[in-house]
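Residues per chain, in single letters:
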Amino acid sequence: MTTTTGTYLIKGASILGGEASDLMVRDGIIAEIGNGLAADGATVIDAAGLVALPGMVDVHTHLREPGREDAETVETGTRAAALGGYTAVHAMANSTPVADTAGVVEQVYTLGRTAGWVDVRPVGAVTVGLAGEQLAELGAMADSRARVRMFSDDGICVHDPVLMRRALEYVKAFDGVVAQHAQEPRLTAGAQMNEGDVSAVLGLTGWPAVAEESIIARDVLLAQHVGSRLHVCHVSTAGSVEIIRWAKERGIDVTAEVTPHHLLLTDDLVRSYDPVFKVNPPLRTDADVQALRAGLADGTIDVVGTDHAPHPSEHKECEWAQAAMGMTGLETALSVVQHAMIETGLMTWADFARVTSTAAARIGRLTDQGRPIEAGEPANLILVDPAARWTVDPFAMATMGRNSPFKGRELPGKVVVTFFKGHPTVLDGALNTPHPDAAATPAGAA
């Protein structure tokens, strides 16, 4: 079913898991909510049994373009995002060339608007070439058409404390945030997996939890000292959760994310030596998984970020030591979070909206994403079938990456419809069409 009509009548959707209501979407906004709504000429969507949620916002996506189009492109990555229920993604800076100038972030921004599947918000590099030696053009990227507000050397830690302090001070001028990949490099030299009982048995060099925790501890103190915003990428250990909780209790302006895979998978899977389970930070223990779930549930961890990291098959189908680190995640995130957090009773669908949309939009300073499902709000929303069950097949996904750690797993929940700026990019669980005039739509960043 392909349509570009501007009026849609959603019948009987459960808003945030509550009572069923009708929603009228017209000219890019939610025009009306109520019962028994009707409109001549509207496209009717039967949403009985479906949950209506704000469109998901990913604070951590690798789209690879420019330079690594063999792994992913903005087009393929944003198609995957739309199918996964996303209406906005933040594209990480470790492309080739690195997104460390206004020119490169504007290129990524333009590619996203041309594709028209979701909002693409470029993340600027903190340092030139991700080399950790001098600050990149933070101000120029912030002032560019891309209006960058998040900066990260993700994949590499900004390990120099003086440089990290300067970055935190610099972004204050435009209400930006530094997103840190917390990994002390001297503690992880040659590391292949989590340091613990499994690494000892397998004889693989261990990746200690303290390598992450020591950087987070340092950086929350730096953020407190300069009065700036800090975001911690892909938190993976129980100790990290405790440090972030300590920082928040003291009023330090820190936010944090957890990936879907760290909410479900453990280092025990590495016993298979299957490189699909090789990731940075590494899969940790079950005790860490439980602490991450608890931290997400109580608000210590603010958001779920996919860290969607597609790789060509030859970079994963090889010996463990030579394999690239990373997993795909855009098309499975909703299901994994439903399985790990909602079906376990730790969260409700309203909580899900907070950690996958509202808080993420706030961190990225996106004004038209993560909004309440109310009349007059932008129609960035999704309809989810929570009763659906499906088996993950990486070869059936829109992403070019086949490196899903959930291959062959049965997962709950499926996105049925995705509305991006009032246009259904996904209908009946399949791609429909991109937004017909996305390139002319205001960016919506503060």
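So, here is what we can say about the structure in this document.

How each quantity is defined
- Residues numbered from 1 in each chain as written.
- Predicted model: local features only at pLDDT ≥ 70, side-chain atom pairs only at ≥ 80, totals over all residues.
- Heavy atoms only, no water.
- Helix = DSSP H or I, 4+ residues; strand = E, 2+ residues; numbered from the N terminus.
- Rg over C-alpha atoms; globule rule 2.2 N^0.38 Å.
- Buried < 20%, exposed > 50% of the residue type's maximum accessible area, 1.4 Å probe, protein only.
- Contact = heavy atoms within 4.5 Å.
- Areas by Shrake-Rupley, 256 points an atom, 1.4 Å probe, with all protein chains shown as cover.
- Lys, Arg positive; Asp, Glu negative; His and termini not counted.
- Charge placed at Lys NZ, Arg CZ, Asp CG, Glu CD.
- Axes fitted to C-alpha atoms, helices over the stretch in contact; angles between N-to-C directions.
- Parallel < 35°, antiparallel > 145°, perpendicular 65-115°, else oblique.
- Left-handed = near helix turned anticlockwise from the far one by under 90°.
- Nonpolar A, V, L, I, M, F, W, Y, C, P; charged D, E, K, R; others polar.
- Expected span 1.5 Å × (residues − 1).
- Bend = angle between axes of the 7 residues up to and from the residue.
- Polar contact = N/O pair within 3.5 Å; in protein donor to acceptor, adjacent residues only side chain to side chain.
- Pairing = 2+ DSSP bridges.
- Salt bridge = Lys/Arg side-chain N within 4 Å of Asp/Glu carboxyl O.
- Core = buried A, V, L, I, M, F, W, Y, C linked by side-chain atoms within 4.5 Å.

1. Quick notes on the overall build of the protein
At step 1: Tallying secondary structure elements over the protein gives 10 helices and 19 strands in all.
At step 2: Computed over C-alpha atoms, the radius of gyration of the protein comes to 21 Å, within 12% of the 22 Å expected from 2.2 N^0.38 for 446 residues, which places it in the range of a compact globule.
At step 3: Its C-alpha atoms give the protein principal-axis dimensions of roughly 65 × 45 × 45 Å.
At step 4: Of all 446 residues assigned to the protein, the portion counted as buried reaches 62%.
At step 5: Here the contacts in the protein between residues at least 6 apart in sequence split such that 74% fall between residues at least 24 apart.
At step 6: Total accessible area on the protein is roughly 15,600 Å²; 51% of this is exposed by carbon and sulfur atoms.
At step 7: Here the protein carries 34 positive and 55 negative side-chain charges, and the mean point of each set is 3 Å from the other.

2. Some points on the packing of helix α4 (residues 161–171) against helix α6 (residues 209–226)
At step 1: Direction vectors running N to C along α4 and α6 enclose 45°, while the axes themselves pass 10 Å from each other. As judged from the angle between their axes, α4 and α6 are oblique. Here the hand of the crossing between α4 and α6 comes out right-handed. Contact with α4, carried on its side by P161, M164, R165, L168 and E169, involves R218, D219, L222, A223, H225 and V226 of α6 and no other residues of that element.
At step 2: The residue makeup of the contact of α4 with α6, split by class, is six nonpolar, one polar and four charged.

3. Let's talk about unusual backbone geometry
At step 1: Look at the link from E65 to P66: it is a cis peptide, with omega at 10°.
At step 2: Structurally, P66 is set in the loop between β6 (56–61) and α1 (74–83).
At step 3: Geometrically, the link from N280 to P281 is a cis peptide bond, its omega value of -5° lying close to zero.
At step 4: Tracing the chain through its elements places P281 in the loop between β14 (254–258) and α8 (286–298).
At step 5: For L130, which is not a glycine, the phi torsion comes out positive at approximately 60°.
At step 6: For L130, the location among the structural elements is in the loop between β8 (119–122) and α3 (138–143).
At step 7: Within the chain, Y273 stands out as a residue other than glycine whose phi angle is a positive 60°.
At step 8: Along the polypeptide, Y273 turns up in the loop between β14 and α8.
At step 9: Under the relative-accessibility criterion, Y273 is labelled partly exposed at 38%.

4. Here we look at helix α10 (residues 349–364)
At step 1: Compared with an ideal rise of 1.5 Å per residue, which puts 16 residues at 22 Å, α10 spans 22 Å between its outermost C-alpha atoms and is within 8% of the ideal.
At step 2: If you look at α10, its biggest bend is around 40°, right at V355.
At step 3: When α10 is considered as a whole, its buried residues turn out to be W349, F352, A353, V355, T356, S357, A359, A360, A361, I363 and G364.
At step 4: The residue sitting at the N-terminus of α10 and contributing the capping side-chain oxygen is T348; that oxygen lies 3.3 Å from the backbone nitrogen of A350.
At step 5: Downstream of α10 by one or two residues, R365 has phi in the positive range, about 60°.

5. Concerning the sheet that holds β8
At step 1: Ordered in space as β6-β7-β8, the three strands form an open sheet in which the pairing is parallel. The outermost strands of the open sheet, each flanked by one partner alone, are β6 and β8. Between one strand and the next, the sheet's axes are offset by a mean angle of 20°, whatever the strand orientation.
At step 2: Pairing between β6 and strand β7 (residues 86–91): four bridges, direction parallel. Paired with D58 across the bridge in β7 is V89.

6. Section: the pattern of salt bridges
At step 1: Applying the stated criterion across every chain yields a total of 19 salt bridges.
At step 2: Measuring nitrogen to oxygen at the nearest pair gives 3.2 Å for the salt bridge that ties D119 to K421. In this pair, D119 sits in strand β8 while K421 sits in the loop between β17 (410–420) and β18 (423–427), placing the two residues 302 residues apart along the sequence. Each member of the pair, D119 as well as K421, is classed as buried.
At step 3: For the salt bridge of R389 with E343, the shortest nitrogen-to-oxygen distance reads 3.6 Å. Here R389, found in strand β16 (residues 381–391), pairs with E343, found in the loop between α9 (333–342) and α10; they are 46 residues apart in sequence, far enough to count as distant.
At step 4: The partly exposed category is assigned to E343, whose relative accessible area is 42%.
At step 5: Several salt bridges share partner residues, and in doing so they unite D175, R229 and R365 into one network.

7. A closer look at the sheet that holds strand β9 (residues 150–151)
At step 1: Strand order across the open sheet formed by five strands is β9-β10-β13-β14-β15, with parallel pairing between neighbours. Of all strands in the sheet, those bounded by a partner on one side alone are β9 and β15 (303–304).
At step 2: By the bridge criterion, two bridges tie β14 to β15 in an arrangement that is parallel. Note on β15: the bridge partner recorded for V258 is V304.

8. A look at the nonpolar core
One broad rule of soluble globular proteins: the nonpolar side chains tend to lie buried together.
At step 1: F151, L263 and L296 are the most contacted members of the largest nonpolar core, which totals 80 residues.
At step 2: When sequence neighbours within four positions are dropped, the list of residues in contact with F151 reads V123, G124, A125, V126, L138, M141, A142, V171, F174, V177, V178 and A179.
At step 3: Judged by nonpolar contacts, the second largest core, of 19 residues, contains I30, A47, V416 and V417.

9. Notes on the pairing of strand β5 (residues 51–54)
At step 1: Burial along β5 is two-sided: the face carrying V51 and L53 and the face carrying A52 and P54 are both buried.
At step 2: Bridge analysis of strand β1 (residues 7–15) against β5 gives two bridges, and the strand direction is parallel. Following the sheet pairing, S14 is matched in β5 by V51.
At step 3: As paired strands, β5 and β16 are joined by four bridges and run antiparallel to one another. Across the sheet, A52 pairs through a bridge with L383, a residue of β16.

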